[in-house]
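Here's the letter readout for the chains.
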Amino acid sequence: MFLCKGKKYLIVILVFLLFIGSTQTLKAEWTCENAFDLCLITQWNVNNPGEAVRCLMGYSFCKNYVEPLL
Amino acid sequence: MNNKKKKFKVFLLLFFISLVFSKAQDVKIKIKEVLTIGNDPKSIIFQWVGLTTDQENSIYITDLKEYSVKKYDPDGKFIKRTGRKGQGPGEFLTPGPIQFYDGFLYIGQIQHPGIQVFDTELNYIKSIPLKQPLISFQVIGNEQIAGSMFMGNKIQLYDFKGREINAIPYIQNDDFMLNAVEFRINKENLYICFQWKDIISKLSLTGKKIWERNILKVKKVKTKKIKNFTLPQDICFKTITFDCDKNLIYVLGGHLSENASRDIYVLTQEGKWVDTITLPEPTHTIHIDSENFLLSRSEYGTLIKKFKLIFNE
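These notes cover the structure that comes with them. None of the values given here were measured: they were computed from a predicted structure.

1. Re the overall build of chain B
Scanning chain B from terminus to terminus reveals one helix and 28 strands. In terms of overall dimensions, chain B is globule-like: its C-alpha atoms have a radius of gyration of 21 Å, near the 20 Å expected for 313 residues. If one aligns the C-alpha atoms of chain B with their principal axes, the spans along those axes are about 80 × 45 × 40 Å. Here chain B holds 313 residues, and the buried ones make up 54% of them. Long-range contacts, defined as pairs at least 24 residues apart, comprise 42% of the intrachain contacts of chain B with a sequence gap of at least 6.

2. Describing the sheet that holds strand 14 (residues 154–159) of chain B
The pairing of strands in a sheet comes from backbone hydrogen bonds and takes either a parallel or an antiparallel form. All names here are of chain B. Across the sheet, which stays open at both edges, the four strands sit in the order 12-13-14-15 with antiparallel pairing between neighbours. This sheet does not close on itself; its edge strands, each paired only once, are strand 12 (134–139) and strand 15 (164–169). Within this sheet the neighbouring strands show an average axis-to-axis angle of 25°, counted without direction. The pairing of strand 12 with strand 13 (residues 144–149) spans five bridges and is antiparallel. Of the residues in strand 13, the one forming a bridge with Val 139 is Ile 145.

3. A closer look at the packing of aromatic side chains
Applying the stated rule across the entire model yields 11 aromatic pairs over all chains. Ring geometry for Phe 36 of chain A and Tyr 59 of chain A: centres 5.9 Å apart, planes at 65°, overall edge-to-face. Of this pair, Phe 36 of chain A sits in helix 2 (residues 32–42) while Tyr 59 of chain A sits in helix 3 (residues 53–66), placing them 23 residues apart in sequence. Each member of the pair Phe 36 of chain A and Tyr 59 of chain A is classed as buried. Here the basic side chain of Lys 246 of chain B rests over the ring of Phe 311 of chain B, its NZ or CZ set 5.2 Å away from the ring centre. Positioned above the aromatic ring of Phe 293 of chain B, the side-chain terminus of Lys 306 of chain B is 4.8 Å from the ring centre.

4. With respect to the packing of helix 2 of chain A against helix 3 of chain A
If you want to describe how two helices pack, look at the angle between their axes and the distance between the axes. All names here are of chain A. One way to put it is that helix 2 packs onto helix 3 with a least axis distance of 9 Å and a crossing angle of 160°. Here helix 2 lies roughly antiparallel to helix 3, going by the angle between them. Helix 3 is crossed by helix 2, and the crossing has right-handed handedness. Judged by residue contacts, Cys 32, Glu 33, Phe 36, Cys 39 and Leu 40 of helix 2 engage Cys 55, Leu 56, Tyr 59, Cys 62 and Lys 63 from helix 3.

5. A closer look at the pairing of strand 15 of chain B
Residues and elements named next belong to chain B. Sheet topology places strand 14 next to strand 15; five bridges connect them, and they run antiparallel. Bridge assignment links Ile 155 to a residue of strand 15, and that residue is Ile 168. Between the antiparallel neighbours strand 14 and strand 15 lie four residues, among them Gly 162 with a positive phi of about 85°.

6. Focus on the layout of surface pockets
Of the volumes computed, that of the largest pocket is approximately 1,100 Å³. In terms of lining residues, the largest pocket is bounded by 45 residues, among which Leu 51, Ile 98, Gln 99, Arg 184 and His 287 of chain B are the most central. Elements with a minimum of two residues in the lining of the largest pocket: helix 3 of chain A together with strand 2 (48–53), strand 8 (95–101), strand 12, strand 16 (181–186), strand 22 (237–242) and strand 26 (287–288) of chain B. Grouping the amino acids of the lining of the largest pocket by side-chain chemistry returns 18 nonpolar, 20 polar and seven charged.

7. Examining the interface of chain A and chain B
Contacts between the two partners involve 22 residues from chain A and, on the opposite side, 28 residues from chain B. Regarding the contact of chain A and chain B, the summed buried area is about 2,500 Å², with carbon and sulfur atoms giving 67% of it. Here chain A and chain B share one salt bridge between them. For the pair chain A and chain B, the number of links is nine residue pairs in polar contact (both at pLDDT 80 or more).

8. Things to note about the state of the cysteines
Residue and element names in this part refer to chain A. Evaluation of the coordinates by the stated rule reveals two disulfides over all chains. There is a disulfide in this structure between Cys 32 and Cys 62, and the S-S distance comes to 2.1 Å. Because the sign of the S-S torsion sets the handedness, a value of about -80° for the bond joining Cys 32 and Cys 62 places this disulfide among the left-handed ones. Of the two residues, Cys 32 sits in helix 2 while Cys 62 sits in helix 3, which places them 30 residues apart along the sequence. Given the relative accessible area of 1%, Cys 32 is considered buried. The disulfide that involves Cys 39 links it to Cys 55, with 2.0 Å between the sulfurs. Taking the torsion about the S-S bond as the criterion, the Cys 39 to Cys 55 disulfide, at about -80°, is left-handed. With a gap of 16 residues between them, Cys 39 in helix 2 and Cys 55 in helix 3 connect regions that are remote in the sequence.

Reading the values: rules and limits
- Residues numbered from 1 in each chain as written.
- Chains lettered and ligands numbered in written order.
- Predicted model: local features only at pLDDT ≥ 70, side-chain atom pairs only at ≥ 80, totals over all residues.
- Heavy atoms only, no water.
- Helix = DSSP H or I, 4+ residues; strand = E, 2+ residues; numbered from the N terminus.
- Rg over C-alpha atoms; globule rule 2.2 N^0.38 Å.
- Buried < 20%, exposed > 50% of the residue type's maximum accessible area, 1.4 Å probe, protein only.
- Contact = heavy atoms within 4.5 Å.
- Pairing = 2+ DSSP bridges.
- Axes fitted to C-alpha atoms, helices over the stretch in contact; angles between N-to-C directions.
- Phe/Tyr/Trp six-rings, centres within 6.5 Å; stacked < 30°, edge-to-face > 60°.
- Lys NZ or Arg CZ within 6 Å of the ring centre and 35° of its normal.
- Parallel < 35°, antiparallel > 145°, perpendicular 65-115°, else oblique.
- Left-handed = near helix turned anticlockwise from the far one by under 90°.
- 1 Å grid on protein atoms, 1.4 Å probe; cavity = no way out; pocket = protein on both sides within 12 Å on 5 of 7 lines; lining within 4 Å.
- Points joined across faces, edges and corners; volume = space filled by probe spheres on them.
- Nonpolar A, V, L, I, M, F, W, Y, C, P; charged D, E, K, R; others polar.
- Buried area = accessible area lost by both parts, 1.4 Å probe.
- Salt bridge = Lys/Arg side-chain N within 4 Å of Asp/Glu carboxyl O.
- Polar contact = N/O pair within 3.5 Å; in protein donor to acceptor, adjacent residues only side chain to side chain.
- Disulfide = S-S within 2.5 Å.

What follows is the structure, encoded as C-alpha cells:
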C-alpha cells in the first residue's frame, strides 16, 4: 500500500520535473544560434560551406533585427 | 617691438580659431518624439525592415512579413502599398534595404540578390540583377550602385545592368564574416561601421584611410562555434548615416553599447565624438530625413517613431 502511494508520488514528481524541463528547453530554444543550427540541418549541406551562406546571412539578420527585441 | 605685435596677433588668431573649434565640439543633441506611424488599422505595419524618405519627406518602408512596400506622407498618413510574395517583377521574398534617389526607389532583399526599382507612386519600373545579396547599398549617381557584401573586404560598385565596374577596398585582411560593414558615401568620402568589430572609419574613395575610431573599447567580439562555423555573438554597430545641415555622422550601436541597440554615437567629419543620443526603444536602423527628423523602430517593428533632432550649441 505504502509502495503504491510512493509510486504515485514518484510519478507525479517525475511528470512535474519533465514538465518543468520541457518548458525550460522551450525557453532556451529560440536563439539566433539555434536558428542557424536548424537552418544548416534542414536546408543546407553542412559539408559545403558555400551553400551555408544564406544560413549565415539569416544569422546576421537575426542578430541585427530580431534578437534585440526578444 | 614689431615681433611682439606679430606674436600677439598670432596669439589672438589662434585664440579665435580655438574658440570656433571648441564650439563645434560643444554641440549637444536632444530628441523630441513628434509622431508614431502604424498605430491605426489603415496604416498597419507587420514588420518593417528598410526605411527611406523622398525630397518631400514622404516615408517609404519595406514590410518583411507582408512582402510589400508602403508609402506614408510626412504626417504618417498611409498613402499606398504594393508588392506580394514571389520572385517576379514587383514581388518580394525578403524585402529589406530601400533607398530613394533622384525620383526613384531602389529596393533590395535580405537573402536574395538583385535590386528592384519603383517610382514614388510605387509602380514597378525595372530590376537590376546582381550576383550576390548585399548587406547594404547606395545609389551614388552616374547610374552606379555601391554595395557591401556579407563576406568581403571591399565596397563593390555596379552599373545599372549589374556589372561590376570598380571596388573600394576598406580593409586588407579576409576575416570571414567579421568584415561585414554598413556604409555611406558622402561627397568624396566613404564612411563605414563594422558590424562585428569596434571600428568606425572614414576613407577616401580609393580606400585610403583618413581616420579610424574605436568607440566601444572592445578588442574582439565573443564567438561561438556551431558545426564548422565560428560565429560572432555581439553586434558592434548597425548603421551609419548623416544629418542634413550639420554634416555630423550618426552611428547606431548594437549589443555592446551601454544601452543595447538604442545608443547613437554622433561624430564630426573629423571623427571627434560630440554626443550620444539614447533612443527610448531598441531599433535595427535609423534614418534622418531632409528636415532633420530621425526615424526609428518601435514595438517589435510594427511602428515607426519620428523624432525631431534638437541641437543645443
